[in-house]
Structure formats: C-alpha cells, structure tokens
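Report on the structure
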Amino acid sequence: MTKSDITEALRLLYVGGTVLLLAAASFLLLLLPTVQAQDLPPLARLEALGLDTMEVGRVTAYFVPADRARAEELAVLTEEVAAFFEQNLGFTFDLGMAALAPEHWFSDIPGIPYAIPWPSMRDKLIFMPSSLQEGLLIQGPTELEDRRRVDFVLLHEYGHIAAKAYFRPMDDQDYLPVKWFEELLATYFAYAFVHASDSAWAKAAEVAWLGEVGGYTPSVLSLDWSFMNALPGNELARTYGWYQFMLNLRAAEIYDEHGLDFLRTLKEQLPWQDTGDWNTAILLPRLEEIAPGFKAWEESLPSVYGEQAGDH
Ligand SMILES: [Zn+2]
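Residues numbered from 1 in each chain as written. Predicted model: local features only at pLDDT ≥ 70, side-chain atom pairs only at ≥ 80, totals over all residues.

**Concerning the packing of helix H5 (residues 143-167) against helix H6 (residues 179-197)**
Note the cut-off: Orientation is described by lines fitted to C-alpha atoms, with helices fitted over the stretch in contact, and by angles between N-to-C directions that extend from 0 to 180 degrees. Each helix corresponds to a stretch of at least 4 residues labelled H or I by DSSP, and each strand to a stretch of at least 2 residues labelled E; elements are numbered beginning at the N terminus. Every angle not falling under 35 degrees, over 145, or within 65 to 115 is termed oblique; those three ranges are roughly parallel, roughly antiparallel and roughly perpendicular. It is the rotation of the near helix from the far one that decides the hand of a crossing: anticlockwise by less than a right angle makes it left-handed, clockwise makes it right-handed. Any two residues are considered in contact once their C-beta atoms, placed from the backbone, lie within 7 Å. When residues are grouped by polarity, Ala, Val, Leu, Ile, Met, Phe, Trp, Tyr, Cys and Pro land in nonpolar, Asp, Glu, Lys and Arg in charged, and all others, Gly among them, in polar.
H6 packs onto H5 with a crossing angle of 120° between their chain directions and a minimal axis gap of 7 Å. Taken together, the axes of H5 and H6 are oblique relative to one another. Crossing hand, H5 versus H6: right-handed. In this structure, H5 uses Phe-152, Leu-155, His-156, Tyr-158, Gly-159, His-160, Ala-162 and Ala-163 to contact H6, whose residues at the interface are Leu-185, Ala-186, Thr-187, Tyr-188, Phe-189, Ala-190, Phe-193 and Val-194. Per-class residue counts for the contact of H5 with H6 are 12 nonpolar, four polar and no charged.

Have a look at this one:
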C-alpha cells in the first residue's frame, strides 16, 4: 500500500463533500492496518469472481451480465483514450477495466467504500463502479454531470498507468516520489483527451473545478505535501481534494498553451532514469524551462486559485 494509493482514495472521498467527512474520518482509521497477507493480488482476486468478459480493442472488460451495457460504455471510453494516445504519442498497451457492482467491490486498500475508482498499476487494470445510481461520485445535479465525474476519474486512473508506461516503463516504482507531479501527469492525460474529444465537457469540468477550489482554502499551501500527514482526517480529505482540483486547473492551463507537446518535451528532457532522487526543488526549475510559469504558479497558489475562484 503506497501513500499515493491512500491519498488518491482521500481525494475521491473528498468529492462527495461534507456528507463524506464522517466517512473520511473512519477511513483514516482503516489506514492503520496493513493489507492482509492472505489477500490475492488484484487481478487474481478479480478473476476469482468468475465475471463475464468482453474485449473492446485493447481493453478487457469484466462485469456481471446485468452491467453489460455500462461496462461496454466504460470499455469503449478506455479504448478511445488508449487509441488517442497511441495516435498522438505513439505508445500503447493492453489494459483491463473492471466495472463492478457493489456486491463484488473490493480495493487494495481495506475498507474503501463502493465506487471510489482505483488502478492496479502492476496489472494495468482500472476498477470502476458499474452503478451510476450510487456511490460517492454521484452528486448530481444532473445525470450528465454524474457520468462526466465518474468518467473523468476513469481517465485520470488511465493517466497514472499511461504516465508510467510512457515516461518510465522500466521503473519498478508504481508512482513517482513527487506526489503532486504524479497527480498532475495523471490528470494531464485525462484532460488532454477530454479537451480533444469533447470541448463542452472540458469547459464544464473547468467550471466545476473552479467552484471546488474556490469553496475551500487549505491551511497550508505548498507543493510539499508531507504536511498533510499531520492533518486530522476531515481536514486531510478536504485539503487533498482541494489540491487535486487545483492540479486539474493547472493541467488545463498548461494544456491550453502547450498541448501534447508538454508531454513529449517532458519525456525528452526530464531525467526519467533517476526518478527515485526527484523532489520538488529539483523538478520545478526543469519544468520552468519546459513550460515557463511553474515557479510563478508555485509562488502564487493562493492568489491564482483561492482568491480568483473565491469571487464566484
Ligand atoms: Zn491520481
């Protein structure tokens, strides 16, 4: 279990807003036990459920018969994003997508409630809720917004797997040690695809993220996320959520100026052989060279996002 897994889950706990604060608090208690040794790896555990499968391009979908239609939608979306990056960045891989009903739901973090999507990096496998009627991402006010919220998280989880496959396929670490950058990359892949395939969705997402960022101000504004370890559960969930939405907005900003060249240049110019040594202080000047504005962004986090969005 990695810190990235935990924080990812916390981000998704946050999206449900205040009704989730109790859930978030109890979730933190569940972080203390380690993963049970007798647990099977995610893919083996999934296969043991004996679900139906379907191939959509390079995607293998897992589902129960009643969820076939939604599973196919999610598999098609996964295939579309994979095809988009094969066409534009020239890399591809086969992957899995499990669309699970509540009775089959499990996570590699014990106690995760239904419908918080998560990736198995080793298996290139994304676990999604099959239901669009229940779970923490279903907040309304419309079915379209619920669907987009769920689908964006699928694309974000794809982004984690894609970033690993594109930038550092031989690295034995699932996630980068610089957590905000790992999340920025995942969301950059997601946003790039959404922007290219559905501009109305991209615009609506930006509006929603601005509202989320404007609706809360964390007690600490820093790219060094180690401070989060000391926060109480409720504040940690809200703070982590705020940073994720802020990174979504940052990804949109960079994409609007640099498009997919940002990813191409990162691949060429960052020292992907040495990711274990990375930290924010090393990374920021390199990013400043590739996409000028990173230093100013870091220094102006509150004024750029908090105040501007707070006017809404
Ligand atoms: Zn993530």
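Resuming the write-up.
**What about the environment of Ser-130?**
Note the cut-off: Comment: burial labels come from other C-beta atoms within 10 Å of the residue's own C-beta, placed from the backbone, where a count of 20 or more is buried, 12 or fewer is exposed, and between is partly exposed.
Its place among the elements puts Ser-130 in the loop between strand E5 (125-129) and H5. Given 25 C-beta atoms within a 10 Å radius, Ser-130 is considered buried. Distance in space between the C-alpha atoms of Ser-130 and Trp-105 is 9.7 Å, their sequence separation being 25 residues. Non-local contacts of Ser-130, meaning those with residues more than four positions away in its chain, are made with Phe-63, Asp-67, Arg-70, Ala-71, Ala-99, Leu-100 and Ala-101.

**A closer look at the pairing of strand E2 (residues 59-63)**
As a reminder of what qualifies: A pair of strands is considered paired only if DSSP assigns at least 2 bridges between the two. Orient the strands so they point away from the viewer, and a crossover whose first-strand-to-second-strand path over the helix runs clockwise is right-handed.
Most of E2 sits inside the fold, with four of its five residues counted as buried. Examined bridge by bridge, strand E1 (residues 52-56) and E2 share five bridges and lie antiparallel to one another. Its bridge partner being in E2, Asp-52 is matched across the sheet by Phe-63. The turn linking E1 back onto E2 is made up of two residues, and Gly-57 within it adopts a positive phi angle of 60°. Across four bridges, E2 lies against strand E3 (residues 95-100) in parallel orientation. Bridging across to E3, Ala-61 finds its partner in Met-97. Considered for its hand, the β-α-β crossover made up of E2, helix H4 (residues 68-89) and E3 is left-handed.

**A short note on the sheet that holds E2**
Strand order across the open sheet formed by five strands is E1-E2-E3-E5-E4, with mixed pairing between neighbours. For this open sheet the edge positions go to E1 and strand E4 (118-120), each flanked by a neighbour on one side alone. Strand-to-strand twist in this sheet, taken as the mean axis angle between neighbours without regard to direction, amounts to 25°. Sheet topology note: the E3/E5 ladder contains five bridges and is parallel. When the bridges of E5 are listed, Ala-99 appears paired with Met-128. Together, E1, E2, E3 and E5 form the strand contacts of H4, whose direction differs from that of E2 by roughly 160°.

**Considering the nonpolar core**
Threshold: We call a set of buried Ala, Val, Leu, Ile, Met, Phe, Trp, Tyr and Cys residues a nonpolar core when their C-beta atoms link them within 7 Å.
The biggest cluster of nonpolar side chains holds 75 residues, and the ones touching the most others in it are Met-97 and Phe-189. Dropping the residues within four chain positions of it, Phe-189 is found in contact with Tyr-158, Gly-159, Ala-162 and Ala-163.

**Focus on the environment of Glu-47**
Note that Glu-47 resides in helix H3 (residues 42-47). Each C-alpha atom, one on Glu-47 and one on Tyr-62, is 8.6 Å from the other, the two residues being 15 residues apart in sequence.

**Focus on the environment of Thr-239**
Secondary-structure assignment places Thr-239 in helix H8 (residues 233-258). The buried category is assigned to Thr-239, around which 23 C-beta atoms lie within 10 Å. For Thr-239 and Thr-217, which are 22 residues apart along the polypeptide, the C-alpha to C-alpha distance reads 7.8 Å. With residues up to four places along the chain from it excluded, the contact list for Thr-239 reads Pro-218, Met-228 and Leu-231.

**Overview of unusual backbone geometry**
Pro-141 follows Gly-140 through a cis peptide bond whose omega is 5°. Here the phi dihedral of Ala-115 falls at roughly 85°; this positive angle occurs in a residue that is not glycine. In this structure, Ala-115 sits in the loop between E3 and E4. Taking the number of C-beta atoms within 10 Å as the measure of exposure, Ala-115 has 23 and is therefore buried. Not every positive phi belongs to a glycine, and Lys-124 is a case in point at roughly 45°. Relative to the helices and strands, Lys-124 resides in the loop between E4 and E5. The class of Lys-124 is buried, set by 20 C-beta atoms lying within 10 Å.

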